[in-house]
Amino acid sequence: MTTLAPGAACALPEVPEAPPEELRERAWAARRALGTRLVVLGHHYQKHEVIEFADITGDSFLLARRGAEATHADLVLFLGVYFMAEAADVLRAPHQTVVLPDLGAGCHLAECADIFTVRDAWSQLTDAFPGRRIVPLTYMNSGADLKAFVGEHGGAVCTSGNAERAFRWAMDQGDMVFFFPDEHLGRNTAARMGMDPWSPVVWDARRAVLGGADPDRLAAERIVLWKGFCNVHTTFTVRQIDEARERHPGVVVIAHPECPRPVVEAADEDGSTEYIIRRVRELPAGSAVAIGTDWNLVDRLRIQNPDKTVFCLNEHICPCITMNRITLPKLTWALESLAAGEVPNVVRVDEDMARWARLALDRMLALPG
Ligand code: SF4
């Protein structure tokens, strides 16, 4: 199971109370004192007040890899959520330690699937279809225990950027793909593969028998999708797209594939956070771009692209509350603790689990195409 380092399990941030400018100076002083011993990784959805401290910004998988490559650093501070810090720990170099400023920074989507209900679903599926080869696939947004589960059962991890390749690979490997925890990414990937996005069967873990799925449909379909969702990306609607087009004729609408299928269908384009960032940069000056993803990233793109009108599809969106748990006061506390020689909030994945999770990540890296 996933564990926290001894002595660090219950470390609650002693959040300093001071005006933001003072905190910023203190945080930078501690950061400078740590020098190259420390690498700070920042996910694109992090708040502006902390992202400026990131040595590397990116999506979760890129950050985990880049943290491991920064072998000059023995400390890896992750500005992101828990599953990301776990992935960084799975891939880290042996001498590195991964720290998360707030251990309560979870992810709604990742928490839609847990190892117990996934194991139960797996047993039911394999019992119901004994002759079929079922390949489990998990989204990067999942716990290390689920990554280990798929590694142990011949499956792989995927990101929003390579989900289509992962699904094609899994379909070549077996008769059925069991994907968790994001139903919407699964549907949007089925559509990318030219399939009817509504044909995959949904597994609802709240239903005791076969996830509430019809056994005949299960027998006939090749993709089973876990009923899970991101509570940020499912706030986007087709109506918001219609309104954006009314207000900004010619607007380019880009949705993240964690959005519901009708939204992705109505958008002009869809893609991962890295894709969205690249596309906004590429669009000609004067373009209007409406984006369906977390507000912090969209607002940063707006600031970085002053020659374009960049806005969030949902103007009233609440930014991802778990990502926003990493605040300047907590970061200051973590940096000052590290500079004082204490290592708080260590995220550590059990070695056996990490080995299987690494295998699942390695299979993703080896995906054909
Ligand atoms: S935006 Fe959604 S998927 Fe990303 S961390 Fe927040 S809840 Fe999880």
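Residues numbered from 1 in each chain as written. Predicted model: local features only at pLDDT ≥ 70, side-chain atom pairs only at ≥ 80, totals over all residues. Heavy atoms only, no water.

## Thoughts on the side chain of Asp59
As a reminder of what qualifies: Helix numbers and strand numbers start at the N terminus; a helix is a DSSP run of H or I with at least 4 residues, a strand a run of E with at least 2. Exposed residues in this analysis have more than 50% of their type's maximum accessible area, buried residues have under 20%, and partly exposed residues fall in between, with area computed by a 1.4 Å probe over protein chains only. We count Lys and Arg on the positive side and Asp and Glu on the negative side, and we leave His and both chain ends out. Any carboxyl oxygen of Asp or Glu that lies within 4 Å of a side-chain nitrogen of Lys or Arg is treated as forming a salt bridge with it. Polar contacts, as counted here, are pairs of nitrogen or oxygen atoms within 3.5 Å of one another; within protein the pair requires one atom able to donate a hydrogen and one able to accept it, and residues that are adjacent in sequence qualify only if both atoms are side-chain atoms. In this analysis, two residues are considered to be in contact whenever any of their non-hydrogen atoms come within 4.5 Å of each other.
Relative to the helices and strands, Asp59 resides in the loop between strand S3 (56-58) and helix H3 (60-69). Put simply, Asp59 is tucked away with no salt bridge, and the nearest opposite charge, on Arg65, sits 9.0 Å away. Looking at Asp59, its side chain comes within polar contact range of the main-chain nitrogen of Leu62, at 3.0 Å. Residue contacts for Asp59: discarding those within four places in its chain leaves His43, His44, Thr273 and Glu274.

## So, the site of the ligand
Worth spelling out the cut-off: Note on terminology: near, applied to a residue and a molecule or strand, indicates that one of the residue's heavy atoms is within 4 Å of it. Nonpolar residues are Ala, Val, Leu, Ile, Met, Phe, Trp, Tyr, Cys and Pro. Charged residues are Asp, Glu, Lys and Arg, and all others, Gly as well, are polar.
Near the ligand you find Tyr45, Cys107, His108, Leu109, Asn141, Cys230, Asn231, Val232, Glu258, Cys320 and Met323, and these make up its full shell. Classifying every residue of the shell around the ligand gives seven nonpolar, three polar and one charged.

## Examining the side chain of His44
As for its placement among the helices and strands, His44 is situated in the loop between strand S2 (38-43) and helix H2 (48-51). With near-sequence residues (within four places) excluded, His44 lies in contact with Thr57, Gly58, Asp59, Thr273, Glu274, Ile277, Asn296, Leu297 and Arg300.

## Points about the pattern of salt bridges
Counted under the stated rule, the structure contains 24 salt bridges. Across the pair Arg92 and Asp89 runs a salt bridge, and its minimum N-O distance is 2.5 Å. What makes Arg92 partly exposed here is its relative accessible area of 22%. Between Arg358 and Glu351 there is a salt bridge, and its shortest N-O distance comes to 2.9 Å. With relative accessibility at 26%, the residue Arg358 sits in the partly exposed group. Here the salt bridges do not stand alone but share partners, grouping Glu269, Arg278, Arg279 and Glu282 into one network.

## Structural notes on the domain arrangement of the protein
As a reminder, the rule being used: Bear in mind that the domain bounds are from an automatic or database domain assignment. A quick way to say it: buried area is the sum, across both parts, of accessible area lost when two parts are put together, with a 1.4 Å probe.
Entries for the protein in the domain assignment read domain 1 (2-105 + 322-349), domain 2 (110-230) and domain 3 (233-312). Between domain 2 and domain 3, the contact holds 15 residues from the first and 12 residues from the second. Buried area between domain 2 and domain 3, both sides added, is near 1,100 Å², and the carbon and sulfur share of it is 50%. Among the residues domain 2 hides against domain 3, the three largest losses belong to His184, Asn188 and Cys230. Together they make up 44% of the total. Across the salt bridge formed by Arg192 and Asp270, the nearest N and O atoms sit 3.3 Å from each other. Our count for the contact surface shared by domain 2 and domain 3 stands at seven residue pairs in polar contact (both at pLDDT 80 or more). The biggest single contributor to the side of domain 2 that touches domain 3 is helix H8 (residues 183-192), with six residues.

## Examining the pairing of strand S11 (residues 252-255)
Where we set the bar: Any two strands are treated as partners once DSSP identifies two or more bridges connecting them.
Of the two faces of S11, the one lined by Val252 and Ile254 and the one lined by Val253 and Ala255 are each fully buried. With four bridges joining them, S11 and strand S13 (residues 288-292) adopt parallel strand pairing. Of the residues in S13, the one forming a bridge with Val252 is Val289. Here two bridges tie S11 to strand S12 (residues 269-270), and the two strands are oriented parallel to one another. Looking across to S12, one finds that Ala255 is bridged to Asp270.

## Section: the packing of helix H5 (residues 115-128) against helix H6 (residues 144-152)
Note the threshold: Note on definitions: angles span 0 to 180 degrees between N-to-C directions of axes, and those axes are lines fitted to C-alpha atoms, for helices only across the stretch in contact. Working definition: roughly parallel below 35 degrees, roughly antiparallel above 145 degrees, roughly perpendicular at 65 to 115 degrees, and oblique for all remaining angles.
Following both chains from N to C, one finds H5 and H6 inclined at 25 degrees, their axes separated by 10 Å at the closest point. Relative to H6, H5 is oriented roughly parallel. Seen from H5, the contacting residues are Ile115, Val118, Arg119 and Trp122; seen from H6, they are Asp145, Leu146 and Phe149. Here the contact of H5 with H6 is composed, by residue class, of five nonpolar, no polar and two charged.

## Thoughts on the nonpolar core
General note: in soluble globular proteins, nonpolar side chains tend to be found buried as a group. The line we're drawing: Here the nonpolar core consists of buried residues drawn from Ala, Val, Leu, Ile, Met, Phe, Trp, Tyr and Cys, with membership extended through side-chain atoms lying within 4.5 Å.
Counting 128 residues, the largest nonpolar core has Leu77, Leu137, Phe178, Trp203, Leu218 and Leu335 as its most contacted members. In terms of residue count, the dominant contributor to this core is helix H4 (residues 82-91) (seven residues). If near-sequence neighbours (up to four positions away) are discounted, Trp203 is found in contact with Ala121, Gln124, Leu125, Phe178, Leu210, Gly211, Leu218, Val224, Leu225, Trp226 and Lys227.

## A closer look at the packing of aromatic side chains
Applicable threshold: Only rings of Phe, Tyr and Trp enter the pairing, Trp through its six-membered ring, and a pair is recorded when the two centres are within 6.5 Å. The plane angle decides the type: under 30 degrees is stacked, over 60 is edge-to-face, the rest tilted. By the criterion adopted, a ring carries a charge over it if an Arg CZ or a Lys NZ lies within 6 Å of its centre and within 35 degrees of its normal.
Counted under the stated rule, the structure contains seven aromatic pairs. Taken together, a centroid distance of 5.3 Å and an interplanar angle of 75 degrees make the contact between Phe178 and Phe180 edge-to-face. You can call Phe180 buried: its relative accessible area is 0%. Each member of the aromatic cluster is reached from another via a ring pair, and the members are Phe178, Phe180, Trp203 and Trp226. The lysine or arginine in question, Arg132, covers the ring of Phe129, its NZ or CZ lying 5.4 Å from the ring centre. Stacked on the ring of Trp356, the Lys or Arg Arg355 has its end atom at 5.1 Å from the ring centre.

## Brief notes about H6
Buried residues dominate H6, accounting for seven of its nine residues. Of the residues one or two after H6, Gly154 is the one with positive phi, at around 80 degrees.

## Description of the sheet that holds strand S8 (residues 176-180)
Across the sheet, which stays open at both edges, the five strands sit in the order S7-S6-S8-S10-S9 with parallel pairing between neighbours. In this open sheet, the two edge strands, each paired with only one partner strand, are strand S7 (156-158) and strand S9 (201-203). Ignoring which end each strand starts from, the neighbouring axes of this sheet average 30 degrees apart. As judged from the three bridges shared by S8 and strand S10 (residues 223-226), these two strands associate in the parallel manner. By the bridge assignment for S10, Phe179 is matched with Leu225. This element, H6, spans strand S6 (134-139), S7 and S8 of the sheet and lies at about 155 degrees to S6.

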